[in-house]
Amino acid sequence: MIEAELSRSVARWCPGATGVAGVARLSGGASQETWRFDIAHPDGVIGAILRRSPKGYGAAPTRAAGLAAEAQLMQLAYEAGVPSPRVMHVLVPDDDLGTGFVMQRVEGETIARKILRDDEFAAARPLLARQIGGVLAKLHRLPLDKLPELRSRDASQEIAEFERDYRSLDWPKPVFELALRWLRDHDPGPAAETTLVHGDFRNGNLIIGADGVRAVLDWELAHLGDPMEDLGWVCVNSWRFGEIDKPVGGFGSREELFAGYESAGRKVDPSRVKFWEVMGTLRWGIMCGGMMQRFREGPDHSMERAMIGRRASETEIDLLRLLAPRGS
Amino acid sequence: MQDEPTPIELTKSVSDFLRNDIAPLISGHQAFKLRVAVNILDLVTRQLTREEGSDAAEVERLRGLLGVDGSVTDLNRALAERIAKGEVDLATPGLAEHLWATTMDKLAVDQPNYASYKRELSRGG
């Protein structure tokens, strides 16, 4: 347990704190953990979240921005008015907790199916597509000179990277080949404007309350690139959770998303959004293949991982619906 | 020739046991894992039921498209290569129909409740 370390840590940076309670591990793999806990304080309990890599797990995977960058991005987003948890503390060696940060806990729901079905969110649902457009516009306007160091990726580099990932699986899939050809034939080239791209902005990585979007989470895939990538990814069918006629996370239409984005003063390029939706669908399909490979080669020999391998065919039907639609 | 019951009947009996007798006894993460296990057995049952027929039809279509013979794996590899090289594309007669038929057969095994699949099925398979 990490309760003792957390207690000592909060005493140093949270004036008046008398200890911690309710420490519980939420999720994450071996290299990255999420914990929830409460900070006991005379003015009232403060809900908090710890994101950390335990000691000995310093190196971030190649595509990940790293926890320090994630903390910096969330704080910048918070200051710019993007719904985001306030970062309370970035871990230092004296904390003896590894690397990472502590943020304010935002109450709300992240489980996509609940957000799409529960009565609690019925009033928020019709507003979300437009709201998401506004949130993305703010996010894409974060000043580049204040950002931490991030990898930079344009469309051509992404196609090449996914092709390499796919070929390394030795998993011949005619539908994926067709998608790769389509992407190369429709490569829009570098974007007119390079911005911060969240990289995993979708239903499931947003905290939603009765009033709408309360926080944007999981910044680990943030990079510099084409802002239309985020608009395409949020429309990938895998994140509609069954509500297939509402492309934006199962909440609403592309038109509402685009209107929210443009009313916040930014321009949408619908053909680029479509390109990134196809790219995103293929990306999730290849990730399913990666899960299958990790299941097969260990160390994660779980049934859940095995079954994700069998979800690649979902992206195949979605790619066909995008690239070779049948008569309506 | 192996004896009976068939693999389909055997996996189905295990799945029924887990669902009816064990699921009511457990909760939390274990119950979640059990649901995954039951889903796996049901997938295996669907594959055992359908694979022979769908593979035979797939090979038949692939032979027509490619003009060569081989196993379902070899022919898929050959089609993937031809698409990668640009020798075959959506303008090639029969390709779109083949990919649709093959994909529908996969979803029937993998995720028959997937909304895109159910929508396409309602168009007539």
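Structure: see above.
Numbers given to residues run from 1 along each chain, matching the order in which its sequence is written. Numbering of ligands from 1 and lettering of chains from A proceed in the order in which they are written. Note on the predicted model: pLDDT of at least 70 is required for a residue's local features to be given, and 80 or more for side-chain atom pairs to be given and counted; whole-chain, interface and lining totals, by contrast, use all residues.

Draft legend 1. Geometry of the overall build of chain B. Secondary structure follows DSSP: runs of H or I at least 4 residues long count as helices, runs of E at least 2 residues long count as strands, and numbering of each begins at the N terminus. Along the backbone of chain B there are 5 helices and 0 strands. When the helices and strands of chain B are listed from N to C terminus, the series reads α-α-α-α-α. When we talk radius of gyration, it's over C-alpha atoms, and the globule rule is simply 2.2 Å times the number of residues to the 0.38. The C-alpha atoms of chain B give a radius of gyration of 19 Å, which is well past the 14 Å a tight globule of 125 residues would have. For chain B, the C-alpha atoms occupy an extent of roughly 55 × 40 × 25 Å along the three principal directions. Relative to its 125 residues, chain B shows a buried fraction of 18%. Any residue surrounded by 20 or more other C-beta atoms within 10 Å of its C-beta is treated as buried, while 12 or fewer makes it exposed and the intermediate range makes it partly exposed; C-beta atoms here are placed from the backbone.

Draft legend 2. The pairing of strand β7 (residues 206-209) of chain A, seen in detail. All names here are of chain A. Taking every second residue as pointing to the same face, the buried face of β7 carries Leu206 and Ile208, while none of Ile207 and Gly209 on the other face is buried. Between any two strands, at least two bridges found by DSSP are needed for them to pair. Bridge analysis of β7 against strand β8 (residues 212-216) gives 4 bridges, and the strand direction is antiparallel. Looking at β8, one finds that Ile207 is bridged to Ala215. In textbook terms, the turn of a hairpin is the stretch between consecutive antiparallel strands, and for β7 and β8 this stretch comprises 2 residues.

Draft legend 3. Quick look at the sheet that holds strand β3 (residues 46-53) of chain A. Residues and elements named next belong to chain A. Taken in spatial order, the 5 strands line up as β1-β2-β3-β5-β4 in an open sheet, and their pairing is antiparallel. Of all the strands in the sheet, just β1 (19-27) and β4 (87-90) have a single pairing partner and so form its edges. If you compare each strand with its neighbour and ignore which way they point, the axes differ by 25° on average. In the sheet, β4 pairs with strand β5 (residues 99-104) via 3 bridges, with the strands oriented antiparallel. Among the inter-strand pairings, Val90 is bridged to a residue of β5, identified as Phe101. The contact criterion used is a C-beta to C-beta distance within 7 Å, with each C-beta placed from the backbone. Between N-to-C directions, angles span 0 to 180 degrees; the directions come from axes that are lines fitted to C-alpha atoms, helices contributing only their stretch in contact. Strand contacts of helix α1 (residues 3-13): β1, β2 (33-40) and β4, with the helix running at about 120° to β1, the strand carrying the most contacts.

Draft legend 4. How the structure looks around the nonpolar core. Residues and elements named next belong to chain A. Buried Ala, Val, Leu, Ile, Met, Phe, Trp, Tyr and Cys residues form a nonpolar core when they are connected through C-beta atoms within 7 Å. With 96 residues, the main nonpolar core has Ile132, Leu136, Ala179, Val216, Leu231 and Val234 as its most contacted residues. The dominant element in this core, judged by the number of residues it contributes, is helix α9 (residues 270-297), at 10 residues. In contact with Ala179, other than residues within four places in its own chain, are Val278, Leu282, Leu319 and Leu323.

Draft legend 5. Spotlight on the packing of helix α2 (residues 28-66) of chain B against helix α3 (residues 72-85) of chain B. Residues and elements named next belong to chain B. Closest axis-to-axis distance for the α2/α3 pair is 10 Å, and the angle between their directions is 40°. In terms of orientation, α2 and α3 fall into the oblique class. Crossing of α2 against α3: the hand is left-handed. In this structure, α2 uses Asp55, Glu58, Val59, Leu62, Leu65 and Leu66 to contact α3, whose residues at the interface are Val72, Leu75, Ala78 and Leu79. Charged residues are taken to be Asp, Glu, Lys and Arg, nonpolar residues to be Ala, Val, Leu, Ile, Met, Phe, Trp, Tyr, Cys and Pro, and polar residues to be all remaining types, Gly included. Looking at the contact of α2 with α3 residue by residue, the class counts come to 8 nonpolar, no polar and 2 charged. If an angle is under 35 degrees, it is roughly parallel; if it is over 145, roughly antiparallel; if it lies from 65 to 115, roughly perpendicular; otherwise it is oblique. A crossing counts as left-handed when the near helix is turned anticlockwise from the far one by less than a right angle, and as right-handed when that turn is clockwise.

Draft legend 6. Just the interface of chain A and chain B, in detail. Of the residues lining the interface, 24 residues belong to chain A; the matching set on chain B comes to 30 residues. Mapped by element, the contributors of at least two residues to the side of chain A that touches chain B are α6 (174-185), α10 (303-309) and α11 (312-323) of chain A. The element contributing the most residues to the side of chain A that touches chain B is α11 of chain A, with 7 residues. Taken together, the residues of the side of chain A that touches chain B break down into 10 nonpolar, 3 polar and 11 charged.

Draft legend 7. Geometry of the pairing of β3 of chain A. Residue and element names in this part refer to chain A. Two strands pair when backbone bridges link them, and β2 and β3 are joined in this way by 7 bridges, in the antiparallel orientation. Counterpart to Trp35 in the pairing with β3 is Leu50. Between β2 and β3, which pair antiparallel in sequence order, lie 5 residues; one of them, Gly44, sits at a positive phi of approximately 130°. As defined by bridge partners, β3 adjoins β5 across 6 bridges and the pair is classed as antiparallel. Among the inter-strand pairings, Ile49 is bridged to a residue of β5, identified as Met103.

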